[in-house]
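Residues per chain, in single letters:
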Amino acid sequence: MASQGLVYDGCNFFRQRLVLSTLSGKRVKIKNIRSKDDDPGLRDFEASFIRLLDKVTNGSRIEINQTGTVLFYQPGLLYGGSVEHDCNQQRSIGYYLEALLMLAPFMKTSLKATLRGVTNDPVDPTVDLLKSTALPVMKKFGIGGDGFELKVVKRGMAPGGGGEVVFTCPVCRTMRPVQLTDPGKIKRIRGVAYSVRVSPQMANRIVESARGVLNQFLPDIYIHTDHMKGANSGKSPGFGLTLVAETLNGFFLSAEMSSTPQGQGNPVLPEDLGRNCAKLLLEEIHRGGCVDSSNQSLALLLMTLGQQDVSKVLLGPLSPYTIEFLRHIRDFFQIMFKIEVQKPFEDERKGGDKVPQPR
């Protein structure tokens, strides 16, 4: 194997390492990938992710040993262009799309990616969630313009898939520094309740139960129902809900839930799913911040790669994924963030009880 740059152990945070390696141009070697498992080495969805990276770059060099337990990756140039990719069904399109969102603004030519596979599953962020929260975060940094969109052509639930998504992103010439420190109060909640290959009534039941929880807090709630039929409905039955709360200052906090994939685990009732998803959104609002938990790492990466001016962003409690992402940014870019914990805030309810800020 060629002489390696950074060396990591194990299969955790696999995408982070390869994405940051591609952006920084530093070689990376990952060893002992599930070396003690009965089935050692890279999984099919990880191999599919490597193939996608190979399609959007030019001149990348990838070496994998026979058992798949050691990977050497030397990144090429981020090229972009038109890309079509059949994502592995073990993970949803969101798994691949999260990485593409980080890479797309820095390509040589505009990216148009057509991804096929599972659009909605309970594990990864769904396409609906990334469309309603990740794209607005990128726009705050000046990424976007004509043709910056994410479109669901066909829906495909796990495990059968059959969905299709088109993501287009123009090249970003300059990114602007940001000061995202005041989220403001929640002004409205929007959402999508989707159902495929089940009765359209399922989506209505989800909406009703979610509204039952959220209407106690806010009157301005609109949840759109999306029932795709025939060829556009994928290969497996299922339903789910994505909720997005918008603040007065134009920030978005989100939560989502999908039904259990066919033939796996206990079935879930639409009423329970709607109620639980609404509670998850309230939990996300309680955590606060200008960026929700699922997009913390995207915002931090854009701050790292932006102009030298100091950017500030207010986040809720950092997720374990984000904490590891900060460590990787230090490894690949030698950039460290100054993190300040806000002082406990006064609760605005009567009595003014002090509520400790989550650390």
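Residues numbered from 1 in each chain as written. Predicted model: local features only at pLDDT ≥ 70, side-chain atom pairs only at ≥ 80, totals over all residues. Heavy atoms only, no water.

**Thoughts on the pairing of strand β1 (residues 6-9)**
We apply this condition: In this description, strands pair whenever DSSP reports at least two bridges between them. By the criteria applied, helices consist of DSSP H or I runs no shorter than four residues and strands consist of E runs no shorter than two, each listed in order from the N terminus.
In the sheet, β1 pairs with strand β2 (residues 28-31) via 4 bridges, with the strands oriented parallel. Its bridge partner being in β2, Y8 is matched across the sheet by I30.

**Focus on the sheet that holds strand β12 (residues 186-196)**
Let me state the cut-off plainly: Geometry is summarised by axes, namely lines fitted to C-alpha atoms with helices restricted to the contacting stretch, and by angles between N-to-C directions that run from 0 to 180 degrees. Two residues qualify as a contact provided that any one of their heavy atoms is within 4.5 Å of a heavy atom in the partner residue.
The 4 strands lie next to each other as β13-β12-β14-β15, forming an open sheet whose pairing is mixed. This sheet does not close on itself; its edge strands, each paired only once, are β13 (221-228) and β15 (252-258). Looking at each pair of strands side by side, their axes are set apart by 15° on average, direction ignored. Pairing between β12 and β13: 8 bridges, direction parallel. When the sheet's bridge partners are listed, A193 is paired in β13 with T225. Along the sheet face, helix α4 (residues 127-140) touches β12, β14 (238-247) and β15 and points at about 165° away from the line of β15. Strands β12, β13 and β14 of the sheet are contacted by helix α5 (residues 201-214), whose axis makes an angle of about 165° with β13.

**Side note on the domain arrangement of the chain**
What counts is decided by this rule: The start and end points of each domain follow an automatic or database-based domain assignment. In this description, buried area is defined as the sum, over both parts, of the accessible area (probe of 1.4 Å) that is lost when the two are combined. Basic side-chain nitrogens of Lys or Arg form a salt bridge, by our definition, when they fall within 4 Å of a carboxyl oxygen of Asp or Glu.
When cut into domains, the chain gives domain 1 (6-176 + 304-333) and domain 2 (186-287). Here domain 1 and domain 2 have C-alpha centroids that lie 25 Å from each other. Of the residues lining the interface, 25 residues belong to domain 1; the matching set on domain 2 comes to 29 residues. Summed over both partners, the interface of domain 1 with domain 2 buries about 2000 Å², with 61% contributed by carbon and sulfur atoms. Put simply, domain 1 and domain 2 have 1 salt bridge between them.

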